[in-house]
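Analysis of the macromolecular model
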Amino acid sequence: MSRITDTAGMAAELPRNGLVFALGLDGEGGAKPVQTAERLDGGPLWLHLDRSDPEVQRWIAEDGDVPQAVARALLEEDTRPRCVVRPDGVLLILRGINFDPAAEHEETIAVRLWVTAERVLSLRRYRIMAVTDLREALERGEGPRTVSDLVLRIVERLTARMAPEIDEMEETLDEMEVASLGDSSDVNRGQLSEVRRRALVLHRYLFPQRDALIEFRRSAGARLADLDPLDFQETIDRVTRLVEDLDALRSRAAIVEDGIAIKVAERMNRNMYWLSIVATIFMPIGFITGLLGVNVGGIPGSEAPWAFVGLVAILGVLIGIEVWIMRRMRLI
């Protein structure tokens, strides 16, 4: 049964449009839906908003009790993971893998957090499965109990959903490595390029995300008294392992692609070599037959019935001499 119940008696109205949900944590793993940006009972609040909505943008900039510099960072279009610690709160911008079909052109999607001791304000443009997971956990009464626990679980779910994607890329690359040991034509080079591209994109955001989490663990303790550095360090270690896996994945993909390129170049060189051998053998023959084919008088043997057979025999002997010479020179 859902642990969510109605709560009244609040102040500071929330935006009507663009509000995904507003929940007051009850401290026992459940939550209560709220209608305002503050709670009279003093419990922590989680506001999740759609930053693309104009009303949300106005509310953040004017009525959301958010510093102007933080508001600009929360609403800017292109972001990279980072952590900014201020006297009045912590700005934390994270990235997760895109699982939303509505955002097919996006490899990763951002979740922007403004964290204070009493409230977590999170913004997104596309649906974030990690946030959906946490909301469902709160409905079951198994969700976070404090602000720091909420932030930790968001980071954990983002990280947990990245791991299977990276594992899948590693399995794909394993198959390509095995295929590349045989006939390199069996390797889908387009798929290999896609693996390299996705690894680059994920590494681009996951590397600074690790640094942002380290900064959050180091500096946010003074703002969030219940923050457990050991629990947060475990999550940082998992992110670090993912970064290392992506580094290894990129290196392996580059090695496989270089190996395929070398095999293709060797095959082309071998084909060109044999074409050169054939051209060398038939070049004198072509010269002789071309010379005898000129349409002028005096061509030797033009009237003799044995001339054609004799010419073929001479050309056969010439080919044999050329092959013998090439074998002596170890060209073939």
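Whatever comes next refers back to the structure up there.
What this report covers is the structure whose coordinates are included nearby.

Here is what the cut-offs are and how they apply
Residues numbered from 1 in each chain as written. Predicted model: local features only at pLDDT ≥ 70, side-chain atom pairs only at ≥ 80, totals over all residues. Heavy atoms only, no water. 1 Å grid on protein atoms, 1.4 Å probe; cavity = no way out; pocket = protein on both sides within 12 Å on 5 of 7 lines; lining within 4 Å. Points joined across faces, edges and corners; volume = space filled by probe spheres on them. Helix = DSSP H or I, 4+ residues; strand = E, 2+ residues; numbered from the N terminus. Nonpolar A, V, L, I, M, F, W, Y, C, P; charged D, E, K, R; others polar. Patch = residues over 30% accessible without salt bridge, like charges linked within 9 Å, V, L, I, M, F, W, Y side chains within 5 Å. Areas by Shrake-Rupley, 256 points an atom, 1.4 Å probe, with all protein chains shown as cover. Salt bridge = Lys/Arg side-chain N within 4 Å of Asp/Glu carboxyl O. Lys, Arg positive; Asp, Glu negative; His and termini not counted. Charge placed at Lys NZ, Arg CZ, Asp CG, Glu CD. Buried < 20%, exposed > 50% of the residue type's maximum accessible area, 1.4 Å probe, protein only. Axes fitted to C-alpha atoms, helices over the stretch in contact; angles between N-to-C directions. Parallel < 35°, antiparallel > 145°, perpendicular 65-115°, else oblique. Left-handed = near helix turned anticlockwise from the far one by under 90°. Contact = heavy atoms within 4.5 Å. Pairing = 2+ DSSP bridges. Polar contact = N/O pair within 3.5 Å; in protein donor to acceptor, adjacent residues only side chain to side chain. Core = buried A, V, L, I, M, F, W, Y, C linked by side-chain atoms within 4.5 Å.

Focus: empty space enclosed by the protein
- Within this structure, the stated rule accounts for one cavity of 30 Å³ or more.
- Along the walls of the largest cavity sit Gly96, Ile97, Phe99, Ile109, Arg127, Ile128, Met129, Ala130, Leu158, Arg161 and Met162, which together make up its complete lining.
- Counting residues per element, the ones that place at least two in the lining of the largest cavity are strand 7 (89-97), helix 3 (129-139) and helix 4 (147-181).
- Here the lining of the largest cavity gets three residues from one element, more than from any other, and that element is helix 4.
- The class makeup of the residues in the lining of the largest cavity is eight nonpolar, one polar and two charged.

Topic: a negative patch on the surface
- Taken together, the side chains of Asp167, Glu168, Glu171 and Glu175 make up a negatively charged region of the molecular surface.
- Position of Glu171 among the secondary structure elements: in helix 4.
- In this structure Glu171 comes out as exposed when scored by relative accessible area, which is 51%.

Some thoughts on the packing of helix 6 (residues 229-292) against helix 7 (residues 307-328)
- The geometry of helix 6 relative to helix 7 is characterised by a closest axis approach of 10 Å and an angle of 150° between their N-to-C directions. Overall, the two elements helix 6 and helix 7 adopt an arrangement that is roughly antiparallel. Judged by the sense of rotation from one axis to the other, the crossing of helix 6 with helix 7 is right-handed. Where helix 6 abuts helix 7, its residues Ile277, Thr280, Ile281, Pro284, Ile285, Ile288, Thr289 and Leu292 lie against Leu311, Leu315, Leu318, Ile319, Glu322, Val323 and Met326.
- Of the residues that constitute the contact of helix 6 with helix 7, the class distribution is 12 nonpolar, two polar and one charged.

So, the sheet that holds strand 6 (residues 82-86)
- The strand order across the open sheet built from seven strands is 3-2-5-9-8-7-6, with neighbouring strands paired in mixed fashion. Each of the sheet's edge strands pairs with one partner strand only, and the pair in question is strand 3 (31-33) and strand 6. Averaged over neighbouring strand pairs, the angle between their axes works out to 20° when direction is ignored.
- Along the sheet, helix 5 (residues 189-219) contacts strand 6, strand 7 and strand 8 (108-115); its crossing angle with strand 7, the most-contacted strand, is approximately 155°.

As for the side chain of Ser219
- Of note, Ser219 is situated in helix 5.
- For Ser219, a relative accessible area of 14% corresponds to the buried category.
- At 2.8 Å, the side chain of Ser219 forms a polar contact with the side chain of Glu215.

Focus on the nonpolar core
- Within the largest apolar cluster, 54 residues are counted, with the highest numbers of intra-cluster contacts made by Trp46, Leu113, Phe216 and Phe232.
- Examining the composition of this core, we find that 12 residues originate from one element, helix 4, more than from any other.
- With residues up to four places along the chain from it excluded, the contact list for Phe216 reads Cys83, Val90, Leu92, Val151, Leu224, Leu227 and Phe232.
- One finds Leu47, Val56, Val70 and Leu74 within the second-largest nonpolar core, a separate group that totals 19 residues.

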